[in-house]
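Architecture and fold: a report
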Amino acid sequence: MTSRNVSLCDVRLLSRWGYAARLMLLALVQAVPAAAADEPDLIFRRSTVFKWVSPNDKLATYGVDDPEVEGVACHFTVPEKGGFKGWLGLAEEVSDISLACRQIGPIRFKGKLGQGDDMFSKRRSLFFKKMQIVRGCDAKRNVLVYMVYSDKLIEGSPKNSTSSVPIMPWGAADATAVQKCGEFIQ
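Residues numbered from 1 in each chain as written. Predicted model: local features only at pLDDT ≥ 70, side-chain atom pairs only at ≥ 80, totals over all residues. Heavy atoms only, no water.

A look at the overall build of the protein
- In terms of regular secondary structure, the protein is built from 3 helices and 8 strands.
- Reading the helices (α) and strands (β) of the protein from amino to carboxyl end gives α-α-β-β-β-α-β-β-β-β-β.
- Every one of the 186 residues in the protein was classed for burial, and the buried ones make up 33%.
- Intrachain contacts of the protein at a sequence separation of at least 6 include 49% that bridge at least 24 residues. (Helix = DSSP H or I, 4+ residues; strand = E, 2+ residues; numbered from the N terminus. Buried < 20%, exposed > 50% of the residue type's maximum accessible area, 1.4 Å probe, protein only. Contact = heavy atoms within 4.5 Å.)

Written out as structure tokens, the structure is:
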């Protein structure tokens, strides 16, 4: 994350602005480092609620590769609020998120993993809500288990979705080299 020096001139200018303008400026400053992080790939969006003047509500499907496990990709679908609040990034997004993870090549672990480690996270509202995809290992069945949930600072969120990826050989050359996820969990 990058740091930014604030001058006395900036502080005086901010004190003259209204509360809403300061919140918008804070959101923009926070969004700049987030844009530099690995973002998921947008696969497609589909409008769900038509709005006359402002942007429509949509469902968006994204793809993301597991950064610690080569050969696994996850796709998740999230609702995106339209309207003027959604357009400005001020709308609080709902917690309905679906998840599907699959093996897309030979599975190779890049290092030791913790049970329930974060694989991916993204903010779902200006301050209080974050979507997270976490990863675990079912060592008995040699299956990677992924869970997506949205947490809210104040009251939590019970909505979640789970997907599992059995670790299977990928082609003839991979038949004897299948790794066991239990060997890579700390």
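There's plenty left to go through after this.
Observations regarding the environment of M131
- Residue placement: M131 occurs in strand 6 (residues 129-138).
- Assessed through its relative accessible area of 1%, M131 is described here as buried.

So, the state of the cysteines
- Inspection of the entire model under this criterion finds 2 disulfides.
- At a sulfur-sulfur separation of 2.0 Å, the disulfide partner of C74 is C101. Between C74 and C101 the sulfur-sulfur dihedral comes to about 105°; the bridge is accordingly right-handed. Within this pair, whereas C74 is found in strand 3 (residues 69-80), its partner C101 is found in strand 4 (residues 98-109), the two being separated by 27 residues in sequence.
- Paired through a disulfide, C137 and C181 show a sulfur-sulfur distance of 2.0 Å. Its S-S torsion of about 70° marks the bond between C137 and C181 as right-handed, since a negative value means left-handed. Taken as a pair, C137 in strand 6 and C181 in the segment after strand 8 (160-166) lie far apart in primary sequence, 44 residues in all.
- The connectivity of the disulfide-linked cysteines in the protein, indexed sequentially, is 1-2, 3-4. (Disulfide = S-S within 2.5 Å.)

A short note on the side chain of S163
- With respect to the secondary-structure elements, S163 resides in strand 8.
- Reaching out from S163, the side chain makes a polar contact with the backbone nitrogen of C101 at a distance of 2.8 Å.
- Setting aside residues up to four positions removed in sequence, S163 forms contacts with L99, A100, C101, R102, L144, V145 and Y146. (Polar contact = N/O pair within 3.5 Å; in protein donor to acceptor, adjacent residues only side chain to side chain.)

Everything listed here is a matter of geometry and, on its own, says nothing about what the molecule does.
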